[in-house]
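Here is what each chain is made of, one letter per residue.
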Amino acid sequence: MSSLDPSGEQGRSLWQDAIARLGQNRLAMLGLYLLAFMVIIALLTPWIAPYSYETQQLDLGAIAPNARHWFGTDTFGRDLLTRIMYGGRVSLAVGFIATAVALVIGVLWGAVAGYIGGRTDAVMMRIVDILYALPFMIFIILLMVVFGRSILLLFLAIGCVEWLTMARIVRGQVLALKQQEFIEAAVVIGLSHWQIIYRHIIPNILGPIIVYITLTIPSVMLLEAFLSFLGLGIQPPQSSWGLLISYGVETMEEYPWLLLFPGLVLSITLFALNFLGDGLRDALDPKASKD
Amino acid sequence: MALLSVTNLATSFYTRDGVVKAVQGISFDVERGETVAIVGESGSGKSVACYSLLQLLPQPPARIESGRALFEGIDLLQCNAKEIRAIRGNRIAMIFQDPMTSLNPYLTIGEQLIEPLRLHQSMGKAEALIKAEAALEEVGIEDASKRLQQYPHEFSGGMRQRVMIAMALMSEPDLLIADEPTTALDVTIQAQIFKLIKTIQQRRNLAVIFITHDLAVVAQISNRVLVMQSGKVVEQGNTADLFKNPQHQYTRMLLDAIPADAKPEQHRYKSNGAEETVLTVSNLNSSYIERPASFFHRQASTFKAVRNVSLTLRRGEILGLVGESGCGKSSLAKTILRLVKEDSGSIQLQGNEITTLKPREVKNLRKDLQIIFQDPYASLNPRMSVYDTLLEPLKLHSIVPSTQYNDCISQLMLEVGLSPRDIRKYPHEFSGGQRQRIAIARALAVRPKLIIADEPVSALDVTIQAQVLKLMLHIVAKYQLSMIFISHDLSVIRSVCDRTAVMYKGEIIEMDETEKVFNQPQQQYTRRLLEAIPAHEPKQQAEPGNY
């Protein structure tokens, strides 16, 4: 391995090694830069957006991309670039926050259930099954009715549903891993259960977790669009990529740019995510990087 | 003319990291009724060579570079997929190493046995079943008609290997290729399987290619031997001649590495006046759960793995624990290590009772008790560098102040014969023997009083095995450690252990000085175990003329 320091007296953690390896993966770094770019734009939007996202210029109507409106305008004469920028704030936030919620709950729940096993496992997984069986829409509507509508609550609600699959994946992996002798060796060394889960189990199941994250983020973004479409998510004049795309689909024949640009931005983000996810998965597996 | 004549066979693997020349131009003949053993360490190309003959390697990455393999005038290497299928499993049959995984668990034995007949000879089901029954009887399985209806899990390991042999013989092949067929089996079962293969071979005038890493096996079963190293045949010849007068240096090294030839005087427990007892186990019983309690079965079903075991271990002493698989050796180890809770009995470590320790106190116990596992591939966390693996116990038990971590780890690496430069590497970058050294270093890191070694060299090649055993003896002597050495391999036990305990069905049936156990076994079972050790001299070998 070229990254080895020949005089290496010091050890480095898996994460430090992984970051070094990730740095050598061009595609993954491209993904990382693209994502970082998207996030920075989203954060700075209120200051750098060329127009207001809600001011309508009805006399303008939908015009094709031109020098003043790079991405064109929508049927109400609102600048599409501005709306995509503001939409990105919602979509990226829902994608990352909901996935983070799903990740934390799912990994902990699945790891604990799988590690302890036996009756605890049975009870924990039955809870997951029950939640699976609840109709998702009713669950969300109920949350909205009880707590009132807010974007943050929407994020949490989506996260609270997405963690179920994560918990199942993680539990399965942990069950298989638990049989390995190095887990027993860790017990013999005297590590506590939490130390074993944290140091020996979770690093070994990162591969499937990362793959699942890269699948969850886009599905969460689309879920938000669906909920918003039903009136449960964010409301016009606010926007999100999912909403822009679903409106774009309606007017696809007359005004194709209304679909093209939001779709393009979403696709680029998802590609970037996948590149980064694949890169991370390889970087975290010492065996995968031979060069 | 020879039944199979291989000339200049070369096989390479084309991987991302370059070309691996696994087999580099080997030639050999196999006559009817003859057993040819191919011996070599893992990675020497012995399996690849045989798999190439039957085109069993995925191509790519494998590629057969050159050579001819004439089997009754047909060049196996030139056959197309259809032609080779007609030969494979029909004229040339194969048995594999692990009988546990080479049978389909969802089909009955009968269904699996008749499959080749139905396939190759399009025989009717009833007729095929009659032949299957006869085949099972031939390999010594009683009550064959009933056994045909059973599933693989209802057979023991040795029985399954018999079934595999029966399956291989069903279509009356001319050549049988056996790839380490007894490596996964106990020594008494191994002896039975050898006898069986020999009998059948004589009855049918069958040619056998026997792939193995174990020279003792070679001595017992083969007429001729090919010694392979790094893809080349370094020596071949008559078995008796080769053992008597090895020509190549590597062959001599292999012969020297056979544990029985290692000097038993190397390590002998020396009483240092004050006999300090490190471990006292008395009347220990433990069991494991075969099927946990569930909604339908309120009572969990348990299996009593350790029955009424008592033993003592002095400082600096190595106690061998020997027995067949399932006799409770590992369960005993796990109970002593507090990985499994005992049912009754007491375990005292340096006079302190450890069965009554609270979970909080067990952590301190871990400092004194360590384990080395059999499989160095599974016992190291693949995502932790060697540094992290060794750092973990040091940190947890505050063995040395944090400023000395690096020194301490370098020293541990040197102690087990590894370079401190390699601490940043991950387990997969090491060979099996090196990994076992890392596992030993990890066990040593906490400076334990007692190490339990559970089959520590069973997964290693014979020359590596000798090195690792030497290292373990050195460490025991240097630190005056006590060790429980678990193995099914009697010759290994004999070469390292001061005292030996024989376990049978959860009980220790005999325990004494090692030489006494080996020279004057008291129990019937011990005698049977000893008789089953493959002889290291090929003298019992039947004369080739008998075939």
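Please read all numbers here as calculations on a predicted model, not as lab measurements.

Definitions and cut-offs
- Residues numbered from 1 in each chain as written.
- Chains lettered and ligands numbered in written order.
- Predicted model: local features only at pLDDT ≥ 70, side-chain atom pairs only at ≥ 80, totals over all residues.
- Heavy atoms only, no water.
- pLDDT = per-residue confidence, 0-100.
- Helix = DSSP H or I, 4+ residues; strand = E, 2+ residues; numbered from the N terminus.
- Contact = heavy atoms within 4.5 Å.
- Buried < 20%, exposed > 50% of the residue type's maximum accessible area, 1.4 Å probe, protein only.
- Core = buried A, V, L, I, M, F, W, Y, C linked by side-chain atoms within 4.5 Å.
- Pairing = 2+ DSSP bridges.
- Axes fitted to C-alpha atoms, helices over the stretch in contact; angles between N-to-C directions.
- 1 Å grid on protein atoms, 1.4 Å probe; cavity = no way out; pocket = protein on both sides within 12 Å on 5 of 7 lines; lining within 4 Å.
- Points joined across faces, edges and corners; volume = space filled by probe spheres on them.
- Nonpolar A, V, L, I, M, F, W, Y, C, P; charged D, E, K, R; others polar.
- Bend = angle between axes of the 7 residues up to and from the residue.
- Polar contact = N/O pair within 3.5 Å; in protein donor to acceptor, adjacent residues only side chain to side chain.
- Buried area = accessible area lost by both parts, 1.4 Å probe.
- Salt bridge = Lys/Arg side-chain N within 4 Å of Asp/Glu carboxyl O.
- Phe/Tyr/Trp six-rings, centres within 6.5 Å; stacked < 30°, edge-to-face > 60°.

Chemist: Would you mind going over the confidence of the model for chain A with me for this structure?
Modeler: Detailed reading of the predicted coordinates is not advisable wherever pLDDT is low. All names here are of chain A. Mean pLDDT over chain A: 82, with 94% of residues reaching 70 or higher. Mean pLDDT across the secondary structure elements of chain A bottoms out at helix 5 (residues 136-147), with 78, and peaks at helix 2 (residues 26-48), with 90. Contacts of residues 1-11 to residues separated by more than four positions or lying in other chains number 24 contacts, the stretch itself having pLDDT below 50.

Chemist: Can you help me understand the environment of Leu43(A) in this one?
Modeler: Residue and element names in this part refer to chain A. Within the secondary structure layout, Leu 43 lies in helix 2. On the basis of relative accessibility, which here comes to 56%, the residue Leu 43 falls in the exposed class. Separated by 87 residues in the primary sequence, Leu 43 and Ile 130 have C-alpha atoms spaced 38 Å apart.

Chemist: Would you mind showing me how to read the nonpolar core here?
Modeler: Note on soluble globular proteins: their nonpolar side chains tend to be buried together. Leu80(A), Ile84(A), Val170(A) and Ile201(A) are the most contacted members of the largest nonpolar core, which totals 55 residues. Formed by 54 residues, the second largest nonpolar core is a distinct cluster that contains Leu460(B), Met472(B), Leu481(B) and Tyr525(B).

Chemist: Sorry, what's going on with the pairing of strand 10 (residues 232-238) of chain B here?
Modeler: Regular strands place their side chains on alternate faces of the sheet. Residue and element names in this part refer to chain B. Two elements, strand 9 (residues 224-229) and strand 10, share six bridges in a ladder whose sense is antiparallel. By the bridge assignment, Gln 229 is partnered in strand 10 with Lys 232. Adjacent in sequence and paired antiparallel, strand 9 and strand 10 are bridged by two residues, among which Ser 230 carries a positive phi angle near 45°.

Chemist: Can you help me understand the sheet that holds strand 19 (residues 499-504) of chain B in this one?
Modeler: In a beta sheet, neighbouring strands are held together by backbone hydrogen bonds and run either parallel or antiparallel to one another. Residues and elements named next belong to chain B. Strand order in the open sheet formed by six strands is 16-17-18-13-19-20, and the pairing between neighbours is mixed. Two strands close off the open sheet at either side, each with one partner strand: strand 16 (369-372) and strand 20 (507-513). Taking each pair of neighbouring strands and ignoring which way they run, the sheet shows an average axis angle of 20°. Direction of pairing for strand 13 (residues 318-322) relative to strand 19: parallel, over a ladder of four bridges. Bridge pairing links Leu 319 to Arg 499 in strand 19. In the packing of helix 11 (residues 329-336) onto the sheet, contacts are made with strand 13, strand 16, strand 17 (450-454), strand 18 (482-487) and strand 19, and the angle to strand 18 comes to roughly 150°. Contacts from helix 19 (residues 524-531) reach strand 19 and strand 20 within the one sheet, and its direction differs from that of strand 19 by about 105°.

Chemist: Please explain empty space enclosed by the protein as it appears in this structure.
Modeler: To find leftover empty space, a probe the size of one water molecule is rolled over the atoms. Under the defined criterion, the tally for this structure stands at two cavities of 30 Å³ or more. Its boundaries defined by the atoms lining it, the largest cavity holds a volume of some 40 Å³. What lines the largest cavity is simply Phe182(A), Ala186(A), Ile189(A), His200(A), Asn381(B), Met384(B), Thr389(B), Glu392(B) and Arg442(B). Taken together, the elements giving at least two residues each to the lining of the largest cavity come down to helix 7 (181-189) of chain A together with helix 13 (386-396) of chain B. Among the elements that take part in the lining of the largest cavity, helix 7 of chain A stands out by supplying three residues, more than any other. Per-class residue counts for the lining of the largest cavity are four nonpolar, three polar and two charged.

Chemist: Whenever I open this one, the sheet that holds strand 3 (residues 35-39) of chain B confuses me. Can you help?
Modeler: Residue and element names in this part refer to chain B. Reading across from one edge, 6-7-8-3-9-10 is the order of the six strands in this open sheet, with mixed pairing throughout. The two strands at the open ends of the sheet, each matched to only one other strand, are strand 6 (92-95) and strand 10. The sheet shows a mean angle of 15° between the axes of neighbouring strands, taken without regard to direction. Here strand 3 pairs with strand 9 via four bridges, running parallel. For Ala 37, the partnering residue across the bridge sits in strand 9 and is Val 225. This element, helix 6 (residues 157-169), spans strand 6 and strand 7 (175-179) of the sheet and lies at about 170° to strand 6.

Chemist: Is there a simple way to explain helix 2 of chain A in this structure?
Modeler: Along an α-helix, residues three or four positions apart point the same way, because every turn accommodates 3.6 residues. All names here are of chain A. Maximal helix bending in helix 2 amounts to about 40°, located at Ala 42; proline Pro 46 follows within four positions. Inspection of helix 2 places Ala 28, Met 29, Gly 31, Leu 35, Met 38, Ala 42 and Thr 45 among the buried residues, and these make up the whole buried set. Structurally, the start of helix 2 carries an N-cap: the backbone nitrogen of Leu 27 is 3.3 Å from a side-chain oxygen of Asn 25.

Chemist: I'm lost on the interface of chain B and chain A in this one. Help?
Modeler: The parts lose accessible area when they come together, and the size of an interface is often stated as this lost area. Facing the 38 residues of chain B at the interface are 37 residues of chain A. In this assembly, chain B packs against chain A so that about 3400 Å² is buried in total across both faces, 53% of it on carbon and sulfur atoms. On the surface where chain B and chain A come into contact, there are two salt bridges. The residue Glu392(B) makes a salt bridge to Arg199(A) at a minimum N-O spacing of 2.5 Å. Across the chain B-chain A interface, the total number found is eleven residue pairs in polar contact (both at pLDDT 80 or more). Residue assignment for the side of chain B that touches chain A shows that the elements contributing at least two residues are helix 12 (359-366), strand 16, helix 13 and helix 14 (405-415) of chain B.

Chemist: For this particular structure, what's the right way to read the pairing of strand 3 of chain B?
Modeler: Residues and elements named next belong to chain B. For strand 3, the buried fraction is high: five of the five residues fall into the buried class. The side-chain alternation of strand 3 yields two buried faces, one formed by Thr 35, Ala 37 and Val 39 and the other by Val 36 and Ile 38. Two elements, strand 3 and strand 8 (residues 207-212), share five bridges in a ladder whose sense is parallel. Bridged to Ile 38 within strand 8 is Ile 211.

Chemist: Looking at this structure, how should I read the pattern of salt bridges?
Modeler: Close approach of charged atoms lets side chains of opposite charge pair. Residues and elements named next belong to chain B. Per the stated rule, a full pass over the model turns up 23 salt bridges over all chains. For the salt bridge of Glu 34 with Arg 224, the shortest nitrogen-to-oxygen distance reads 2.8 Å. Pair noted here: Glu 34 is in the loop between strand 2 (18-30) and strand 3 and Arg 224 is in strand 9, with a separation of 190 residues, a long-range link. Glu 317 is the salt-bridge partner of Arg 499, the closest N and O atoms lying 2.7 Å from each other. With Arg 499 in strand 19 and Glu 317 in the loop between strand 12 (301-314) and strand 13, this pair connects stretches of sequence that are 182 residues apart. Overall, Glu 317 belongs to the buried group, its relative accessible area being 0%.

Chemist: Can you help me understand the packing of aromatic side chains in this one?
Modeler: Residues and elements named next belong to chain B. By the definition in use, this model includes six aromatic pairs over all chains. Ring plane angle 35° and centroid distance 4.2 Å describe the contact between Tyr 504 and Tyr 525, whose orientation is recorded as tilted. In this pair, Tyr 504 sits in strand 19 while Tyr 525 sits in helix 19, placing the two residues 21 residues apart along the sequence. In this structure Tyr 504 comes out as partly exposed when scored by relative accessible area, which is 31%.

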